[in-house]
Amino acid sequence: TLTTSHNVIGQGITLNVYQPGQTPFLDCIRFSAELGVPPWLNIPHLASLGTGGCSDAMCLGVLANTPSGMKVYVEYSNEIWNTQGVFSQSVFFQNQQLRLLTLNGRDPVANPADPTTSEQSYAEFSNRHQVIWRARFAAAGRASDLVWVMGSWQVVGNVPRDICDYAKRHGFTFDSIS
């Protein structure tokens, strides 16, 4: 379980905070490396983008604590389709879809993102994180170690279809779909 500070959007990102019942992020990465088992990681839906952001800090932690040649599976968010209980990410992506469409309507050249479903807004944001991770892995000479996973729920036909259609329409790829 990823454990960070509660302020993942702004300053104060911590990747090694213990909370009862959870294992700190960097401990999970080190444990994976020690066992020789590729980690599968989820980036929180509220993880900030950009140099020094939460996603970037996570990526640097992974690169510093896994050996070259070890595959690292990365999935942005988790259960984006789940509207039950504590799964606030579904509401987040619904809101982001509306925000992105509004920006696109004002200036489609500056804001080309045009998701028509919350799953497509997930695909857009997943790709923004993927760009950061791919650049960091390439700079470290480990481009082939990163496996980018698009999370979906394959029994609900529209989720994987919407993700894949959006990626194709916007010209980005991913390595796997779950």
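Basis of the calculations
Residues numbered from 1 in each chain as written. Predicted model: local features only at pLDDT ≥ 70, side-chain atom pairs only at ≥ 80, totals over all residues. Heavy atoms only, no water. Salt bridge = Lys/Arg side-chain N within 4 Å of Asp/Glu carboxyl O. Helix = DSSP H or I, 4+ residues; strand = E, 2+ residues; numbered from the N terminus. Buried < 20%, exposed > 50% of the residue type's maximum accessible area, 1.4 Å probe, protein only. Axes fitted to C-alpha atoms, helices over the stretch in contact; angles between N-to-C directions. Parallel < 35°, antiparallel > 145°, perpendicular 65-115°, else oblique. Left-handed = near helix turned anticlockwise from the far one by under 90°. Contact = heavy atoms within 4.5 Å. Nonpolar A, V, L, I, M, F, W, Y, C, P; charged D, E, K, R; others polar. Pairing = 2+ DSSP bridges. Expected span 1.5 Å × (residues − 1). Arc of directions from axis to C-beta.

**Considering the pattern of salt bridges**
Logical step 1: Counting across every chain of the model gives 7 salt bridges.
Logical step 2: Notably, a salt bridge pairs Arg30 with Asp27, separated by 3.2 Å at the nearest N-O pair. Within this pair, Arg30 and its partner Asp27 are both found in helix 1 (residues 25-35), separated by 3 residues, close to a single helical turn.
Logical step 3: What makes Arg30 partly exposed here is its relative accessible area of 32%.
Logical step 4: Between Arg142 and Asp145 there is a salt bridge, with the nearest N and O atoms lying 2.7 Å from each other.

**As for unusual backbone geometry**
A negative phi angle is the norm for most residues apart from glycine, just as the trans form is the norm for most peptide bonds.
Logical step 1: The residue Ser77 is not glycine, and still its phi comes out positive at about 65°.
Logical step 2: Locating Ser77 in the fold gives a position in the loop between strand 2 (72-76) and helix 3 (89-106).
Logical step 3: Despite not being glycine, Glu79 has its phi angle at roughly 50°, a positive value.
Logical step 4: Position of Glu79 relative to the elements: it lies in the loop between strand 2 and helix 3.
Logical step 5: Since its relative accessible area comes to 26%, Glu79 is described here as partly exposed.

**Things to note about the packing of helix 1 against helix 2 (residues 54-65)**
Logical step 1: Between helix 1 and helix 2, the least distance of the axes is 9 Å, while the angle of their chain directions is 30°. Overall, the two elements helix 1 and helix 2 adopt an arrangement that is roughly parallel. Pair helix 1 / helix 2 crosses with right-handed handedness. Residue-level contacts link Phe25, Leu26, Ile29, Arg30 and Ala33 of helix 1 to Met58, Gly61, Val62 and Asn65 of helix 2.
Logical step 2: Of the residues belonging to the contact of helix 1 with helix 2, the class tally is 6 nonpolar, 2 polar and 1 charged.

**Description of the sheet that holds strand 1 (residues 40-43)**
Logical step 1: Spatial ordering of the open sheet is given by 1-2-3-4, a layout of 4 strands whose pairing is parallel. The outermost strands of the open sheet, each flanked by one partner alone, are strand 1 and strand 4 (176-177).
Logical step 2: Alignment of strand 1 against strand 2, held across 4 bridges, turns out to be parallel. Residue pairing across strands places Asn42 opposite Glu75, the latter belonging to strand 2.
Logical step 3: Packed on one face of the sheet, helix 4 (residues 118-139) meets strand 1, strand 2 and strand 3 (146-150) and runs near 175° to strand 3.

**A look at helix 3**
Logical step 1: Helix length check: helix 3 (18 residues) gives 26 Å between terminal C-alpha atoms against 26 Å at 1.5 Å per residue, within 8%.
Logical step 2: Taken as a whole, helix 3 has its buried residues at Gln89, Ser90, Phe92, Phe93, Gln96, Gln97, Leu100 and Asn104. Down the axis, helix 3 shows its buried residues gathered within 140° of arc, on one side only. Those residues of helix 3 that are exposed and angled more than 90 degrees off the buried face are Leu98, Gly105 and Arg106.

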